[in-house]
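Overview (structure and organization)
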Amino acid sequence: MGRRRSLESIDTLVIHCSATPNGRWTTPEDIDRWHAARGFRRDMSISPHDSPGLLHIGYHYVLLTTGAVTMGRPEIESGAHVTGHNDHTIGLCMIGTDAFSPAQWETLCRHVTQQQQRRPGIRVCGHRDLSPDRDGDGRVEAHEWLKICPGFSVADWLAGGMTPLPGHIFAAGGST
Ligand SMILES: [Zn+2]
């Protein structure tokens, strides 16, 4: 169950994908049902008026295929999205797997920029970057990814100035 936390404890933004077919309409309510099935539960006493219809969702934000971003858990409540790191992170889920609409890329840029302005120095990474470093060499390598989430390299996206990553842009008929 989610726990109340101080907003000052947040130092990392973790980007996820919903692992649904690229471009397919999927809603926070869908994710709420999946997370209910996994046993996730919010503590609705923390902030009862935030997303009152989503009692289970583990993410703080969901980025829809239209580019709209909707709220899941309030930031004041710890999420349920990355084992071992829920207390100090915010979880954002992009609908899709490895190709996202231009509007989604645009919103991701705006959302991350806003977080960086609110929280100077915040780390921005992908879920897969927080997989355990099993061989202990100090780097999380491809063979150590627990799951390929999200379906692109957040580090490459940041290094490219937050422009849409080639090969990961969804267009009707396929990715480009
Ligand atoms: Zn994930």
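Conventions used here
Residues numbered from 1 in each chain as written. Predicted model: local features only at pLDDT ≥ 70, side-chain atom pairs only at ≥ 80, totals over all residues. Heavy atoms only, no water. Buried < 20%, exposed > 50% of the residue type's maximum accessible area, 1.4 Å probe, protein only. Helix = DSSP H or I, 4+ residues; strand = E, 2+ residues; numbered from the N terminus. Pairing = 2+ DSSP bridges. Core = buried A, V, L, I, M, F, W, Y, C linked by side-chain atoms within 4.5 Å. Contact = heavy atoms within 4.5 Å. Donors = N, O, S within 2.8 Å, 3.2 Å for Na, K, Ca; no water. Salt bridge = Lys/Arg side-chain N within 4 Å of Asp/Glu carboxyl O. Phe/Tyr/Trp six-rings, centres within 6.5 Å; stacked < 30°, edge-to-face > 60°.

Another point: the pairing of strand β1 (residues 12-17). The buried count for β1 comes to six of six residues, which makes it a mostly enclosed element. Where β1 meets strand β4 (residues 89-94), six bridges bridge the pair, whose relative direction is parallel. Bridging from a neighbouring strand, H16 pairs with C93 of β4. Alignment of β1 against strand β5 (residues 123-126), held across four bridges, turns out to be parallel. Residue pairing for β5: V14 is matched across the bridge by C125.

A separate point is the nonpolar core. The biggest cluster of nonpolar side chains holds 21 residues, and the ones touching the most others in it are I15, M94, L108, F152 and W157. The set of elements that each furnish at least two residues to this core consists of β1, β2 (61-63), β4, α2 (102-118) and α3 (154-159). Those residues in contact with M94 that sit more than four places away from it in its chain are I15, H16, C17, S18, L63, F100, Q104, L108 and F152. With eight residues, the next largest nonpolar core counts L54, Y59, L64 and I95 among its residues.

Our next topic: the coordination of the zinc ion. Think of it this way: four donors in a tetrahedron around the metal ideally sit 109.5 degrees apart, and six in an octahedron ideally sit 90 or 180 degrees apart. At the metal site, the zinc ion is ligated by H16 (ND1), H127 (ND1) and C149 (SG), and these contacts range over 2.0 to 2.2 Å. Sequence positions of the residues that donate to the zinc ion give the spacing H-x110-H-x21-C. Remark: C149 occurs in the loop between β5 and α3 and H16 occurs in strand β1; sequence separation between them is 133 residues. C149 matches H16 in its accessibility class, with the two residues each being buried.

Our focus in this paragraph is the pattern of salt bridges. All chains considered together, the criterion is met by six salt bridges. Overlapping salt bridges bring together R42, R73 and E77 as one network.

This brings us to the packing of aromatic side chains. Centre distance and the angle of the planes are the two values used to describe a pair of aromatic rings. Evaluation of the coordinates by the stated rule reveals four aromatic pairs. Ring geometry for W105 against F152: centres 4.9 Å apart, planes inclined by 70°, an arrangement best described as edge-to-face. With a gap of 47 residues between them, W105 in helix α2 and F152 in the loop between β5 and α3 connect regions that are remote in the sequence. Take W105 and F152: they sit in the same class, and that class is buried. Taken together, a centroid distance of 6.4 Å and an interplanar angle of 35° make the contact between W105 and W157 tilted. In this pair, W105 is assigned in helix α2 and W157 in helix α3, connecting sequence segments 52 residues apart. Taken as a pair, W105 and W157 share a single burial class, namely buried. An aromatic cluster of at least three residues, connected via ring pairs, comprises F100, W105, F152 and W157.

What follows deals with the environment of G67. Residue placement: G67 occurs in the loop between β2 and β3 (69-71). G67 sits in the buried class, given a relative accessible area of 7%. Separated by 40 residues in the primary sequence, G67 and T107 place their C-alpha atoms 5.8 Å from one another. Each residue touching G67, except ones within four places of it in the same chain, is listed here: A103, Q104 and T107.

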